[in-house]
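Residues per chain are reported as follows:
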Amino acid sequence: MKKHNFSAGPSILPRTVIENTSKAVLDLNGSGLSVMEISHRGKDFQAVMDETVALFKEILNVPDGYEVLFLHGGASMNFCMVPYNLLQRKAAYLETGTWAKKAIKEAKKLGDVDIVASSADKNFSYIPKSFDIPSDADYFHITTNNTIFGTELHEDLDSPVPMVADMSSDICSRPVDISKYGIIYGGAQKNLGAAGVGFVIIRKDILGKVDRDIPSMLDYSIHIENGSMFNTPPCLAVFTVGETLKWLKELGGVGEMQKINQGKAGMLYDVIDNSKMFIGTAEKTSRSFMNVCFVMREDYKDLEADFLSFATSRGMVGIKGHRSVGGFRASIYNALPVESVQALIDVMKEFEAARER
Ligand SMILES: *Cc1c(COP(=O)(O)O)cnc(C)c1O
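Within each chain, residue numbers correspond to sequence positions counted from 1 in written order. It should be noted that, the model being predicted, local features are given only for residues of pLDDT at least 70 and side-chain atom pairs only at 80 or more, the latter also being counted only at that level, while totals for whole chains, interfaces and linings use all residues. To get the side-chain values, take all heavy atoms of the structure and skip hydrogens and water.

**Examining the overall build of the chain**
And step 1. Counting from the N terminus, the helices are the DSSP runs of H or I reaching at least four residues and the strands are the DSSP runs of E reaching at least two. When helices and strands are counted, the chain shows nine helices and 14 strands.
And step 2. Projected onto the principal axes, the alpha-carbon positions of the chain cover approximately 65 × 55 × 30 Å.
And step 3. Burial here depends on accessible area, computed with a 1.4 Å probe over protein chains only, as a share of the maximum for the residue type. Under 20% is buried, over 50% is exposed, and the range in between is partly exposed. Burial status across the chain gives 55% buried among its 357 residues.
And step 4. Counting contacts in the chain only where the partners sit at least 6 residues apart, residues at least 24 apart contribute 67% of the total.
And step 5. For the chain, the accessible area works out to roughly 15,000 Å², and carbon and sulfur atoms hold 50% of it.
And step 6. Here the positive residues are Lys and Arg and the negative ones are Asp and Glu; neither His nor the chain ends is included. Charge coordinates come from a single atom per side chain, which is NZ of Lys, CZ of Arg, CG of Asp or CD of Glu. In the chain, which carries 39 positive and 45 negative side-chain charges, the distance between the mean positions of the two groups comes to 4 Å. Between two residues, a contact is recorded if the distance between any of their heavy atoms is within 4.5 Å. Accessibility throughout is a Shrake-Rupley quantity obtained with a 1.4 Å probe, and a residue counts as covered only by protein chains that appear here.

**Here we look at the site of the ligand**
And step 1. Around the ligand sit 14 residues in total, of which Ser76, Thr147, Asp166, Gln189 and Lys190 are the nearest.
And step 2. Within the side chain of Asp166, a nitrogen or oxygen atom sits 2.6 Å from a nitrogen atom of the ligand.
And step 3. Notes on the ligand: free accessible area 390 Å², of which the protein chains cover 87%.
And step 4. Here the shell around the ligand takes four residues from helix H3 (residues 74-86), the largest share from any one element. Working definition: residue near molecule or strand if any one of its non-hydrogen atoms lies within 4 Å of it. Contacts described as polar in this section are N or O atom pairs within 3.5 Å, which, within protein, must combine one atom able to donate a hydrogen with one able to accept it, while residues neighboring in sequence count only if both atoms come from side chains.

**Re unusual backbone geometry**
And step 1. Geometrically, the link from Gly9 to Pro10 is a cis peptide bond, its omega value of -5 degrees lying close to zero.
And step 2. Along the polypeptide, Pro10 turns up in the loop between strand E1 (4-5) and helix H1 (15-26).
And step 3. A positive phi angle is found at Asn29, which is not glycine, with a value near 45 degrees.
And step 4. By the element assignment, Asn29 lies in the loop between H1 and helix H2 (43-60).

**Thoughts on the domain arrangement of the chain**
And step 1. Entries for the chain in the domain assignment read domain 1 (15-251) and domain 2 (253-355).
And step 2. Domain start and stop points were drawn from an automatic or database domain assignment. Taking only C-alpha atoms, the centre of domain 1 and the centre of domain 2 are 27 Å apart.
And step 3. Listed by partner, the interface residues are 29 residues for domain 1 and 27 residues for domain 2.
And step 4. Using a 1.4 Å probe, buried area is obtained as the accessible area two parts lose upon being combined, added over both of them. Across the interface of domain 1 and domain 2, roughly 2,200 Å² is buried in total on both sides, 54% from carbon and sulfur atoms.
And step 5. The salt bridge criterion pairs a side-chain nitrogen of Lys or Arg with a carboxyl oxygen of Asp or Glu, the two atoms within 4 Å. Viewed at the interface, domain 2 and domain 1 are joined by zero salt bridges.
And step 6. The interface formed by domain 1 and domain 2 includes 16 residue pairs in polar contact (both at pLDDT 80 or more).

**A short note on the pattern of salt bridges**
And step 1. Enumeration over the complete set of coordinates arrives at 19 salt bridges.
And step 2. One salt bridge in this structure joins Asp273 and Lys284, with 3.8 Å as the shortest N-O distance. Taken together, the residues span a long stretch of sequence, with Asp273 in helix H7 (residues 254-273) and Lys284 in the loop between strand E11 (278-280) and strand E12 (291-296) at a distance of 11 residues.
And step 3. Assessed through its relative accessible area of 59%, Lys284 is described here as exposed.

**Overview of the sheet that holds strand E4 (residues 112-118)**
And step 1. With respect to topology, seven strands assemble into an open sheet ordered E2-E10-E9-E8-E5-E3-E4, the strand pairing being mixed. Each edge of the open sheet is held by one strand with a lone partner, namely strand E2 (66-71) and E4. The sheet shows a mean angle of 20 degrees between the axes of neighbouring strands, taken without regard to direction.
And step 2. By this definition, two strands are paired if DSSP reports at least two bridges between them. Looking at chain direction, strand E3 (residues 90-95) and strand E5 (residues 140-143) are connected through two bridges and run parallel. Within E5, the position partnered with Tyr93 by the bridge is His141.
And step 3. Across the sheet, helix H4 (residues 98-108) touches E3, E4, E5, strand E8 (163-166) and strand E9 (183-187), and the angle it forms with E3 is around 165 degrees. Interaxial angles span 0 to 180 degrees and are taken between N-to-C directions of axes, which are lines fitted to C-alpha atoms, for helices over the stretch in contact.

**Remarks on the sheet that holds strand E14 (residues 328-331)**
And step 1. The three strands lie next to each other as E11-E12-E14, forming an open sheet whose pairing is antiparallel. Since the sheet does not close on itself, it has two edges, and those belong to E11 and E14, each with one partner. Averaged over all neighbouring strand pairs, the angle between strand axes comes to 35 degrees, with direction disregarded.
And step 2. Looking at chain direction, E12 and E14 are connected through four bridges and run antiparallel. Looking across to E14, one finds that Cys293 is bridged to Arg329.
And step 3. Across the face of the sheet, H7 comes into contact with E11, E12 and E14 while running at roughly 15 degrees to E12.

**Here we look at the packing of helix H8 (residues 304-313) against helix H9 (residues 338-355)**
And step 1. Between H8 and H9, the shortest axis-to-axis distance is 10 Å and the interhelical angle comes to 135 degrees. Between H8 and H9, the angle falls in the class oblique. Two packed elements cross with a definite hand, and for H8 against H9 that hand is right-handed. Packed against H8, whose contacting residues are Asp306, Phe307, Phe310 and Ala311, the element H9 presents Val347, Met348, Glu350 and Phe351 at the interface.
And step 2. Taken together, the residues of the contact of H8 with H9 sort by class into six nonpolar, no polar and two charged. Every angle not falling under 35 degrees, over 145, or within 65 to 115 is termed oblique; those three ranges are roughly parallel, roughly antiparallel and roughly perpendicular. Left-handed describes a crossing whose near helix is turned anticlockwise from the far helix through less than a right angle; right-handed describes the clockwise counterpart. Residue classes follow a fixed rule: Ala, Val, Leu, Ile, Met, Phe, Trp, Tyr, Cys and Pro count as nonpolar, while Asp, Glu, Lys and Arg count as charged, and any other residue, Gly among them, counts as polar.

**Remarks on H2**
And step 1. In this model, H2 (18 residues) spans 26 Å end to end at C-alpha, consistent with the 26 Å of a helix rising 1.5 Å per residue.
And step 2. If you check which residues of H2 are buried, you get Phe45, Val48, Met49, Thr52, Val53, Leu55, Phe56, Ile59 and Leu60. Each buried residue of H2 sits inside an arc of 165 degrees when the element is viewed along its axis, so together they form one side.
And step 3. On its buried face, H2 sits against E2, strand E10 (198-203), helix H6 (235-251) and H7. By this rule the span expected of a helix is its residue count minus one, scaled by 1.5 Å. Arc definition: it is the arc formed by the directions from the helix axis to the C-beta atoms.

**Describing the nonpolar core**
Soluble globular proteins: nonpolar side chains tend toward being buried together.
And step 1. Throughout, nonpolar core names a set of buried Ala, Val, Leu, Ile, Met, Phe, Trp, Tyr and Cys residues whose side chains join them through atoms within 4.5 Å. If you look at the biggest cluster of nonpolar residues, it comprises 54 residues, and the most contacted ones within it are Phe56, Phe70, Phe140 and Cys172.
And step 2. When sequence neighbours within four positions are dropped, the list of residues in contact with Phe140 reads Ala92, Tyr93, Leu94, Val116, Phe131, Ile133, Leu157, Ser159, Val161, Pro162, Met163 and Val164.
And step 3. Core analysis: the second largest hydrophobic core is formed by 31 residues, Tyr300, Ala330, Val341 and Met348 among them.

Listed below in structure tokens is the structure:
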């Protein structure tokens, strides 16, 4: 049976990425060697790294003055790298979910943290709209897409201090005005490629302003100087990122991707909003185009387990909601085809029609 992969992360990859990666695992570009067994400093892998960095810059329209890194450690490593590199006295954070809280926890180890606004009062079901960013903060940190709670910041904010964004789960899902950010980082395993690598886009001139002695592996400047090869990079994972970016470029880039994503999310939210059985958990204006969270309405709560097994029997994978929200979460990242969204909708409608009360 065909599987429809709604997993939150690691998540679905474009079929061509999987096919091209499996070829490169056997033989990288006719070199006679696997991408897994060549030197990261040899010309074959250097070409992969260079092309991946160049494509990422091209697709996201990264302006001059910014560097792109691909590093081990995923998004979570950046939770501590950001304060290590930028936090001298005080940082400002927007608290919009589990990942934001984890980032805050690391920053508090190195300085004062000013939480400018939080949506904890309503279980992170919305993005706070009005708040002041203190102009004496060293930086302002946001999580643009809250993977667990299904909320998303749909615009690039203006900030009086360098803005740092965790874009793990919405990178390349829409055009972004990079010039508004000091750092954008994330893990690759949602929208960009296989697990094992993280990306960082960083404006160079915000570095070098803290007094502390930064451990080399946590120092962005050292990784920049070494072109993401201060230590051995996760070569295979970097390869998958390059392949995903080629796929995205071929498809028309992030502008085109945004239209497709809005279409997919619109289809699913429409069904949820018109259902007697299901209800969305996020406030409408804060809804994510990447992670669609929904539960059964009160009258139908007892059917959640039934729906999960019904959907699973029809090939739906990964739709169980995170325990902090419950119900269901359909992650509909870039690579998830519209056919899979339609398949989920069909399953929801069929289930509801048979059990309407
Ligand atoms: C998945 C996720 C993370 C964690 O990523 P790792 O690469 O596992 O560290 C952090 N932030 C957000 C928004 C995520 O979706």
